[in-house]
Amino acid sequence: MNNPDQEQLDFILNSAILAPSADNQHRIRFQIDGNIIRVCNTENELPQEKGYKRVLTLMSLGALLENLTIAASRFGIGTETLLFPDPVQPHIIAEIRLHSDLAKIDPLWKVIPLRHTNRRLRFSGPGMTNTERNELDEVCRTDSTTYKPIWFDHSPERKRVLRLMRIAETERFRNRLLHGELFAAVRFDVGWHNTCTEGLPPGALEVEAPMRFLFSALRHWSVMKLANLFGSHHMLGFRACYLPCSLAPHLGLLAAESIDNQSVLNAGRAFQRLWLAVTSQNRVLQPMPASALYALDGACKEGISGPLKNELAENWRTILNNGMTPLMLFRIGKAQPSLITTGRHELNHYLDKNNG
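Description of the structure in this document. The structure presented is a predicted model; accordingly, all values stated were derived computationally and were not measured. (Residues numbered from 1 in each chain as written. Predicted model: local features only at pLDDT ≥ 70, side-chain atom pairs only at ≥ 80, totals over all residues. Heavy atoms only, no water.)

1. Comments concerning the sheet that holds strand β1 (residues 28–33)
Taken in spatial order, the 4 strands line up as β1-β2-β4-β3 in an open sheet, and their pairing is antiparallel. On the outer flanks of this sheet lie β1 and β3 (78–83), each paired with one strand and no other. The sheet shows a mean angle of 20 degrees between the axes of neighbouring strands, direction not considered. Alignment of β3 against strand β4 (residues 92–99), held across 6 bridges, turns out to be antiparallel. Among the inter-strand pairings, Leu83 is bridged to a residue of β4, identified as Ala94. (Pairing = 2+ DSSP bridges. Helix = DSSP H or I, 4+ residues; strand = E, 2+ residues; numbered from the N terminus. Axes fitted to C-alpha atoms, helices over the stretch in contact; angles between N-to-C directions.)

Below, the structure is given as structure tokens:
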């Protein structure tokens, strides 16, 4: 095939890095070899075989690969992706071959730059029509059944799901390891009115102005631990998760039949398509994955207490009742655009300097 020209390649790669990641840190580099793009992990290997960190990493990678595929379609370029193509080089996570086979143009390429996480407290209606919901069901289906979203809008299980979300979010402020993970990603050094290219700018968190000083202070574990004596972790779990999700018109879940590497990566691709389709409907989305991720096997080795992990896993088994594993919860609705969104490094930052 004719290799994409530099302008096309830049567009494709820039679109790829606009994909979401758990803490706005894409730990990858691109190697370009003619019509082949290799995605390499800068940390050399994925996190441990089981646990939520591996799932988050693979879903982020899946979102990146989906953006790349969608962007390439703009130029009629098809993609063929191979996961872990070289067993002796585990840092090469994926190899994408570009094919000038007049691929069908995916209209979602237009909304890639518009997608962002919206954390405003209240998502309003109107709710989706049946046609719009069916569009979301179809667009994120990478196979016929595995990735169809499960909706809890009017489900009798909605209150139960909200409870699981609340207790998992509360744990992020009660558990020292999770507290450290949470606040390490927040870039308090940039202030409340600026963005940043790595990490989360505080302004994107939509913390109410009167609460910002207290929230900043809570990044210190000694302060958080003291505040928890007065129930602050319960209050924060309620405000950060339960309240916004209970107010949202739509509450959904993406689940998978298996959590092997390929399945989780495909789930990440499906979730990214869902998110882009939501954006094309002029709605916003916020991922809320804690209650699903903390229920995974291996979570205890990553700081989750055994009783919490078991409670979450048992409840999800009962709620789903189909052997599926929950991976990503999310809320959807209408809201004003976020004033502060996360930035990205320039493309050169993600190019392997040792590779042409």
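2. Quick notes on the pattern of salt bridges
One pass over the structure, following the stated rule, counts 18 salt bridges. A salt bridge links Arg172 to Glu169; the nearest nitrogen and oxygen atoms lie 3.0 Å apart. One end of the pair, Arg172, and the other, Glu169, are both in helix α4 (residues 158–174), 3 residues apart, so they sit about a helical turn from each other. For Arg172, a relative accessible area of 23% gives the class partly exposed. A relative accessible area of 8% places Glu169 in the buried class. A salt bridge links Arg187 to Asp189, with the nearest nitrogen and oxygen atoms 2.8 Å apart. (Salt bridge = Lys/Arg side-chain N within 4 Å of Asp/Glu carboxyl O. Buried < 20%, exposed > 50% of the residue type's maximum accessible area, 1.4 Å probe, protein only.)

3. Notes on helix α8 (residues 232–247)
Between its terminal C-alpha atoms α8 stretches 21 Å, which fits the 22 Å expected from 16 residues at 1.5 Å a residue. The principal kink in α8, of about 40 degrees, is found at Phe238. Along α8, the residues classified as buried are Ser232, His233, Leu236, Gly237, Cys241, Pro244 and Cys245. Buried-residue contacts for α8 involve α4, α7 (221–228), β6 (250–256) and β8 (325–333). (Expected span 1.5 Å × (residues − 1). Bend = angle between axes of the 7 residues up to and from the residue. Contact = heavy atoms within 4.5 Å.)

4. Section: the packing of aromatic side chains
Enumeration over the complete set of coordinates arrives at 13 aromatic pairs. Consider the rings of Phe238 and Tyr242, whose centres lie 5.6 Å apart with planes at 25 degrees: the pair is stacked. In this pair, Phe238 and Tyr242 are both assigned in helix α8, 4 residues apart and thus about one turn of the helix distant. With a relative accessible area of 37%, Phe238 lands in the partly exposed category. Among the aromatic residues, ring-to-ring pairing joins Trp151, Phe271, Trp275 and Phe330 into one connected group. The ring of Phe188 carries the charged tip of Arg219 above its face, separated from the ring centre by 4.7 Å. (Phe/Tyr/Trp six-rings, centres within 6.5 Å; stacked < 30°, edge-to-face > 60°. Lys NZ or Arg CZ within 6 Å of the ring centre and 35° of its normal.)

5. Quick notes on a nonpolar patch on the surface
Residues Met211, Leu214 and Met235 make up a contiguous nonpolar surface patch of about 260 Å² in total accessible area. The topology assignment puts Met211 in the loop between α5 (176–184) and α6 (212–217). For Met211, a relative accessible area of 36% corresponds to the partly exposed category. (Patch = residues over 30% accessible without salt bridge, like charges linked within 9 Å, V, L, I, M, F, W, Y side chains within 5 Å. Areas by Shrake-Rupley, 256 points an atom, 1.4 Å probe, with all protein chains shown as cover.)

6. Here we look at the packing of α4 against α5
It is the contact of α4 with α5, at a shortest axis distance of 5 Å, that shows an interaxial angle of 90 degrees. As summarised for this structure, α4 and α5 are arranged roughly perpendicular, according to the angle between their axes. Taking contact as the criterion, the partners of Glu171, Arg172, Phe173 and Arg174 in α4 are, on α5, Arg176, Leu178, His179, Leu182 and Phe183. For the contact of α4 with α5, the per-class residue count stands at 4 nonpolar, 1 polar and 4 charged. (Parallel < 35°, antiparallel > 145°, perpendicular 65-115°, else oblique. Nonpolar A, V, L, I, M, F, W, Y, C, P; charged D, E, K, R; others polar.)

7. Observations regarding unusual backbone geometry
The omega angle of the peptide bond from Gly125 to Pro126 is 5 degrees, so this bond is cis rather than trans. Along the chain, Pro126 falls in the loop between β4 and α3 (130–139). One non-glycine residue with positive phi stands out, namely Asn24, at about 55 degrees. Topologically, Asn24 is positioned in the loop between α1 (6–16) and β1. For Asn321, which is not glycine, the phi dihedral falls at a positive 55 degrees.

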